[in-house]
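The primary structure of each chain is shown beneath.
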Amino acid sequence: MNAIAALSPYSSSLGKSNIERHTLSVLVDNEPGVLARVVGLFSGRGYNIESLTVAEVAHGEHLSRITIVTAGTPEVIEQISHQLERIVPIHKVTDLSMQDKVIERELAMIKVHGTGDHRSEALRLAEAFRAKVIDATIESFIFELTGSPTKIDDFVELMRPIGLVEVSRTGVAAITRGAQGM
Amino acid sequence: MSKQMTGAEMIVEALKDQGVDTIFGYPGGAVLPIYDALFQQETVQHVLVRHEQGAAHAAEGYARSTGKVGVLLVTSGPGATNAITGLTDALLDSIPLVCLTGQVPTHLIGSDAFQECDTVGITRHCTKHNYLVRSIEDLPRILHEAFYVARSGRPGPVVVDLPKDVQFALGLYQGPLNIQHKTYQPKLKGDIDRIREAVAMMAKAKRPVFYTGGGVINSGPRASTLLRELVAMTGFPITSTLMGLGSYPASGDNWLGMLGMHGTYEANHTMHDCDLMIAVGARFDDRITGRLDAFSPGSKKIHIDIDPSSINKNVKVDMSIVGDCAHVLEDMISVWRAEGHKTDDAALGAWWKQIDHWRARKSLAYRASASTIKPQYAVQRLYELTKDRDTYITTEVGQHQMWAAQHYHFEEPNRWMTSGGLGTMGYGLPAAIGVQMAHPKSLVIDIAGEASILMNMQEMSTAVQYRLPVKIFILNNEYMGMVRQWQELLHGGRYSQSYSEALPDFVKLAEAYGGKGIRCSDPEDLDRAILEMIDYPGPVIFDCIVAKEENCFPMIPSGKAHNEMILAELSDDAGVEIGSIIDEKGKMLV
């Protein structure tokens, strides 16, 4: 789902320029099929998902929070929010990118293979990025790194020549700064 | 007032509590307990269709003509998949339906059991919402919620999938009063400040137009009354989409006729040249707008809709009001009165003069014939001979549908049932059955094409079984006419697979089903034959043999703007090559 889906031939009034990246926070009833409804909406209407995370945030009320990073023109982003609001078990949709201050974090586990100089270089870089070592063998490390998606991208790129084996990322979780809730 | 009963009994009880008197369905293994519960009561009448698609369209016809929720009951697997087209149709045209589907028992779900399919998975994209009932405790709440969701906000179809063990299980039934939905609460009242601003825009308008749609009809008869009042107060011209016909009377002074691809010249030109467009319960569909970047370029646009996602979806508007049409129209009228607004009468006078100029083109005119029945003439005569009766019209999909929309004139809402958004051939006959069940004494006519009617012909059997005197008025041109017309426009007149070969003898077919068949091919005999059809007390198939290669005009060719319509006279000119009107880019569109 990397490419922005082609717009309908009737959509000539919607420019293809000014594509923006937005983070949407969606509060839903944690009932069977709710994630399929959200994901199906994106595929069915040709919207783009760059990252998606979901977990229950209020066990008593069975509420889950879905964080979706998507890209599109401002018109498309507005449509996505409204289309999400139509889904019956959705409580609230907030476009966090429209808020003043938003914090985005992602967690990644990065497996790196290497010996000798490569090994010590990997450790030095991990320290600079404040990555934690969570597993080690004689010839490998697994680092845990939390930060913005770009910080993780940067770290992964640095590990590539050293001996990157694989990466597992959680996707973006996001929240607004300050005392106010969503 | 909770009572212990089985799941199947709860389902019937919930139908009664929701005021349902008629359901459409087809039995099967996974719904037998529900059929058994239906057998033991007399409040809810079940209409046995011949195919589940017919049940869905019948429920749509019932819903559209009454304003109530239509209900269908089908079995698991093929029962559910056969209903899919009807559910999708209801989703696109915002028709409130509750579809009860049987499902294999919960312990067999996922095992590829006999007649198992993932009904909630398959119907997720073609319903407003759906449920799989996993335990008897959830059943009463879900049943009542389903009705609430189907009819509230922008209406739509809701599926409730019912595993067989849940139908047998014992539990406590609860009535609808104790149930409130926690998330789904659509906004009915529009923002009053926005309404004030919109009314001020209307008072200043020099070239205004009302563009109304199916939302006015869905909002209930009061919305139509208020719309008429607002049009009378302002003196603005009004046009409507296919789905909105009847909300403003076709005999009204300000009526421009339908707009869009096969709308009138005056309606489309008024839309193109207006300086203020007031869209009420309409969604700027591609059949309406034509080429988007040339759509009404000089106008400010006000959009009233209950569904926020309809706003700015295809066309960017200047003032949006989210709310139910009736509520918003009511507030508009009281604001207009309270603030003592006056229209710019000089400007409106000039605007109407311009509109009369467009009207004078008589875009619905066609060349009459003394030897063959022109399809437009057939609809005109049908209209003239039925307009003073209590008549409901349904249609199939294609040329006959557009001719019906152009030449049959509606004075009231809920009288016109057609498949607009999805364009489902085979909609009209089962829809007529649903309408006739709701209005047993009324005259219900399905204006059909000879190709469309064969898609759900089996429902003739249902009409005969329940003694429903529906009239099937087939404009038989031996072609899938709209396909043939597009092949003429786009593909050099190569009529690939659009000729209706090996047609049945419709008169004998009617008789075989136990109905009456009438054939007419002579314009002189048409009135007599139509009266014979109307007077017959049972179902009739009327095989009206019409001119074979008549095209449906006027037409906005695909990829063109409102002011680039093709008129019938142009297409008759010897010098114009009809296949050259649509350019390469237009050919890509549907």
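An account of the accompanying structure is given in this report. (Residues numbered from 1 in each chain as written. Chains lettered and ligands numbered in written order. Predicted model: local features only at pLDDT ≥ 70, side-chain atom pairs only at ≥ 80, totals over all residues. Heavy atoms only, no water.)

1. Quick word on the environment of B:Gly110
Right, so step 1: With respect to the helices and strands, B:Gly110 occurs in the loop between strand 5 (97-103) and helix 5 (119-123).
Right, so step 2: Along the sequence, B:Gly110 and B:Thr66 sit 44 residues apart, while their C-alpha atoms lie 39 Å from each other. (Helix = DSSP H or I, 4+ residues; strand = E, 2+ residues; numbered from the N terminus.)

2. Considerations on helix 8 (residues 192-204) of chain B
Residue and element names in this part refer to chain B.
Right, so step 1: When the terminal C-alpha atoms of helix 8 are compared, their 19 Å separation across 13 residues agrees well with the 18 Å that a helix rising 1.5 Å per residue should span.
Right, so step 2: Inspection of helix 8 places Ile195, Ala198, Val199, Met201, Met202 and Ala203 among the buried residues, and these make up the whole buried set.
Right, so step 3: Those residues of helix 8 that are buried are in contact with strand 9 (208-212), helix 10 (221-234), strand 12 (276-280), strand 13 (300-305), strand 14 (319-322) and helix 13 (325-338).
Right, so step 4: By the N-cap criterion, in which a side-chain oxygen at the helix start approaches the backbone nitrogen of a residue two or three places on, helix 8 is capped by Asp191, the distance to Asp193 being 3.0 Å. (Expected span 1.5 Å × (residues − 1). Buried < 20%, exposed > 50% of the residue type's maximum accessible area, 1.4 Å probe, protein only. Contact = heavy atoms within 4.5 Å. Polar contact = N/O pair within 3.5 Å; in protein donor to acceptor, adjacent residues only side chain to side chain.)

3. Points about the state of the cysteines
Residue and element names in this part refer to chain B.
Right, so step 1: The full count for this structure, using the stated rule, is zero disulfides over all chains.
Right, so step 2: Here Cys552 is not cross-linked by a disulfide; its sulfur's nearest cysteine counterpart is in Cys544, at 16 Å.
Right, so step 3: We classify Cys552 as buried; its relative accessible area is 0%. (Disulfide = S-S within 2.5 Å.)

4. With respect to the sheet that holds strand 3 (residues 63-72) of chain A
Residue and element names in this part refer to chain A.
Right, so step 1: Read from one edge to the other, the open sheet built from four strands follows the order 2-3-1-4, with strand pairing classed as antiparallel. Since the sheet does not close on itself, it has two edges, and those belong to strand 2 (51-58) and strand 4 (90-95), each with one partner. Neighbour-to-neighbour, the strand axes of this sheet turn through a mean angle of 20°, independent of strand direction.
Right, so step 2: Here ten bridges tie strand 1 (residues 20-29) to strand 3, and the two strands are oriented antiparallel to one another. Its bridge partner lying in strand 3, Val26 is registered against Ile66.
Right, so step 3: The strands touched by helix 1 (residues 34-44) are strand 1, strand 2, strand 3 and strand 4; relative to strand 3, the strand with the most contacts, the crossing angle is about 10°. (Pairing = 2+ DSSP bridges. Axes fitted to C-alpha atoms, helices over the stretch in contact; angles between N-to-C directions.)

5. What to know about the pairing of strand 5 of chain B
Residues and elements named next belong to chain B.
Right, so step 1: For strand 5, the buried fraction is high: seven of the seven residues fall into the buried class.
Right, so step 2: Burial along strand 5 is two-sided: Leu97, Cys99, Thr101 and Gln103 and Val98, Leu100 and Gly102, pointing in opposite directions, are all buried.
Right, so step 3: As paired strands, strand 4 (residues 70-74) and strand 5 are joined by five bridges and run parallel to one another. Residue pairing in the sheet places Leu73 in a bridge with Leu100 of strand 5.
Right, so step 4: This β-α-β element, strand 4 to helix 4 (residues 78-92) to strand 5, shows right-handed connectivity.
Right, so step 5: By the bridge criterion, seven bridges tie strand 5 to strand 7 (residues 157-163) in an arrangement that is parallel. Within the sheet, the bridge partner assigned to Val98 lies in strand 7 and is Val158. (Right-handed = clockwise from strand over helix to strand, strands pointing away.)

6. Quick notes on the pattern of salt bridges
Right, so step 1: For the structure on display, the rule yields 35 salt bridges over all chains.
Right, so step 2: Across the pair A:Lys132 and A:Glu144 runs a salt bridge, and its minimum N-O distance is 3.9 Å. With A:Lys132 in strand 6 (residues 132-137) and A:Glu144 in strand 7 (residues 140-147), this pair connects stretches of sequence that are twelve residues apart.
Right, so step 3: A salt bridge links B:Glu488 to B:Arg484, with the nearest nitrogen and oxygen atoms 2.9 Å apart. Remark: B:Arg484 and B:Glu488 occur in helix 20 (residues 481-490); sequence separation between them is four residues, near one turn of the helix. (Salt bridge = Lys/Arg side-chain N within 4 Å of Asp/Glu carboxyl O.)

7. Let's talk about the sheet that holds strand 19 (residues 516-520) of chain B
Residues and elements named next belong to chain B.
Right, so step 1: If you trace the six strands from one edge of the open sheet to the other, you get 16-15-17-18-20-19, paired in parallel fashion. Among the strands making up the open sheet, the edge pair consists of strand 16 (416-417) and strand 19.
Right, so step 2: Relative to strand 17 (residues 443-449), strand 15 (residues 391-395) runs parallel, the two being bridged by five bridges. If you follow Thr391 over to strand 17, its bridge partner there is Leu443.
Right, so step 3: Sitting on the sheet, helix 15 (residues 375-386) touches strand 15, strand 17, strand 18 (471-476) and strand 20 (540-545), and the angle it makes with strand 18 is about 155°.

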